[in-house]
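# Observations on chain architecture
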Amino acid sequence: MGLLSGKTALVTGAARGIGKAIALKFASEGANVAFTDLVIDENGKVTEEEIAALGVKAKGYASNAADFAQTEAVVNQVKEDFGSIDILVNNAGITKDGLMMRMSEAQWDAVINVNLKSAFNFIHACTPIMMRQRGGSIINMSSVVGVHGNAGQCNYAASKAGLIALAKSIGQEIGSRGIRANAIAPGFIDTAMTQALPEDIRKAWIQNIPLRRAGTVEDIANVATFLASDLSSYVTGQVIQVDGGMNM
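Residues numbered from 1 in each chain as written. Predicted model: local features only at pLDDT ≥ 70, side-chain atom pairs only at ≥ 80, totals over all residues. Heavy atoms only, no water.

## Describing the overall build of the protein chain
Defined as follows: Under the scheme used here, helices are H or I runs from DSSP no shorter than 4 residues and strands are E runs no shorter than 2 residues, and both carry numbers assigned from the N terminus. Our radius of gyration looks at C-alpha atoms and nothing else; its globule reference is 2.2 Å times the residue count to the power 0.38. Relative accessibility thresholds used throughout: buried, under 20% of the residue-type maximum; exposed, over 50%; partly exposed, between the two (1.4 Å probe, protein chains only). Throughout, a residue-residue contact means that at least one pair of heavy atoms, one from each residue, lies within 4.5 Å. Here the Shrake-Rupley method, with its probe set to 1.4 Å, supplies the accessible areas, and only the displayed protein chains count as covering residues.
Of the regular secondary structure elements, the protein chain holds nine helices and seven strands. Computed over its C-alpha atoms, the radius of gyration of the protein chain comes to 17 Å, within 12% of the 18 Å expected for a compact globule of 248 residues. Reported as C-alpha extents along the three principal axes, the dimensions of the protein chain are approximately 50 × 40 × 35 Å. With 248 residues in all, the protein chain has 49% of them scored as buried. Sequence separation of at least 24 residues holds for 74% of the intrachain contacts in the protein chain that already meet a minimum separation of 6. By element, 54% of the accessible surface of the protein chain is carried by carbon and sulfur atoms, the whole surface being about 11400 Å².

Structural data, given as structure tokens:
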């Protein structure tokens, strides 16, 4: 029996990267996993097969998380296909970095819509299901820049800070129904995006991390599993920084 046996998880933006790692970890703990991405391409199909290979039900859904109507439709389809939604991970996200003075309105709007509005969309669609079940766990994927800010990322930082406040607020609204809401704030994580950085910049980042290494996607997935499971049944409205001590 895994920590998540009998539960159904919905993970957004999970065809690759951190979202995929979370989906696979949840499946290894016995959860059936539905996941979304903008398109379910070859990557998405492979992810679906890898999740299913762990002996659980798995299905990927093409959906624009920033679109309210599409989100409502996909959540209804997941409920129909899986029977329940016990865990929601709002992981869909993009970056369009630039200094405030040079940032276009389109750059701001795109990041806020994909990173923050998408979480509103999915929480709005999933909470009635969780309320009828009288239980659920909502996990918003924030970032350390949502806690501390970051020059050149005001749109991204604002969206990630919003995800923290959203988790705290929804945790207060529906805690009495047994639904918990928390946020994870990853630090410098080894992903395709950070691997593309010049080696000297990577080394400088790691030198400032007390644990002297980049985080792995599995580090994030492990904390997400804790928050999704009954091990954290008395934890809500919290933000957990998974950053190797970078921002103590």
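## Considering the nonpolar core
Note the cut-off: Buried Ala, Val, Leu, Ile, Met, Phe, Trp, Tyr and Cys residues that are joined via side-chain atoms within 4.5 Å together make up what is termed a nonpolar core.
The biggest cluster of nonpolar side chains holds 30 residues, and the ones touching the most others in it are Ile-22, Phe-26 and Ile-184. Contributions of two or more residues to this core are made by strand 1 (8-12), helix 1 (17-28), strand 2 (32-37), strand 4 (87-90), strand 5 (136-141) and helix 9 (217-228). The element contributing the most residues to this core is helix 9, with seven residues. In this structure, Val-78, Leu-88, Ala-167 and Ala-181 belong to the second largest nonpolar core, which totals 25 residues.

## Quick notes on the environment of Phe-82
Mapped onto the elements of the fold, Phe-82 is located in helix 3 (residues 68-82). Each C-alpha atom, one on Phe-82 and one on Thr-8, is 7.0 Å from the other, the two residues being 74 residues apart in sequence. Ignoring anything within four residues of it in the chain, the contact list for Phe-82 reads Thr-8, Asn-32, Val-33, Ala-34, Lys-57, Ala-58, Lys-59 and Tyr-61.

## Considering the pattern of salt bridges
Let me state the cut-off plainly: Salt bridges are identified by distance alone: a Lys or Arg side-chain nitrogen within 4 Å of an Asp or Glu carboxyl oxygen.
Scanning the model with the defined rule gives seven salt bridges in all. The closest approach of N and O atoms between Arg-16 and Asp-37, which form a salt bridge, is 4.0 Å. Here Asp-37 lies in strand 2 and Arg-16 lies in the loop between strand 1 and helix 1, a separation of 21 residues in the sequence. In this structure Asp-37 comes out as buried when scored by relative accessible area, which is 13%. Taking the shortest distance from any N to any O, the salt bridge between Asp-190 and Arg-202 comes out at 3.4 Å. Residue Asp-190 is located in the loop between strand 6 (179-186) and helix 7 (192-195), and its partner Arg-202 is located in helix 8 (residues 199-207); the two are separated by twelve residues in the primary sequence. A relative accessible area of 30% means that Asp-190 is categorised as partly exposed. The structure contains a network of salt bridges with shared partners spanning Arg-16, Asp-37 and Asp-41.

## Considering a nonpolar patch on the surface
Under the convention used in this document: What makes a patch is a set of residues exposed beyond 30% relative accessible area and free of salt bridges, joined within 9 Å when like-charged and within 5 Å when nonpolar (Val, Leu, Ile, Met, Phe, Trp, Tyr).
Together, Leu-3, Phe-226 and Leu-231 make up an exposed nonpolar region whose accessible area comes to about 270 Å². Mapped onto the elements of the fold, Leu-3 is located in the segment before strand 1. Classification of Leu-3 as partly exposed rests on a relative accessible area of 39%.

## Some points on the sheet that holds strand 6
Formally: Note: two strands are recorded as paired if DSSP finds a minimum of 2 bridges between them. Lines fitted to C-alpha atoms define the axes, with helix axes restricted to the stretch in contact, and inter-axis angles between N-to-C directions lie between 0 and 180 degrees.
Strand order in this open sheet of seven strands is 3-2-1-4-5-6-7, and the pairing throughout is parallel. One side of each edge strand has no neighbouring strand; the edge strands of this open sheet are strand 3 (58-62) and strand 7 (239-242). The mean angle between the axes of side-by-side strands here comes to 15°, regardless of whether they run parallel or antiparallel. Of the pairings in the sheet, the one linking strand 6 to strand 7 comprises four bridges and is parallel in character. Across the sheet, Ala-183 pairs through a bridge with Val-239, a residue of strand 7.

## So, unusual backbone geometry
Of note in this structure, Arg-134 is not a glycine but carries a positive phi near 55°. Take Arg-134: it is sitting in the loop between helix 4 (105-133) and strand 5. Located in the positive-phi region is Arg-212, a residue other than glycine, with phi close to 55°. Mapping Arg-212 onto the fold places it in the loop between helix 8 and helix 9.

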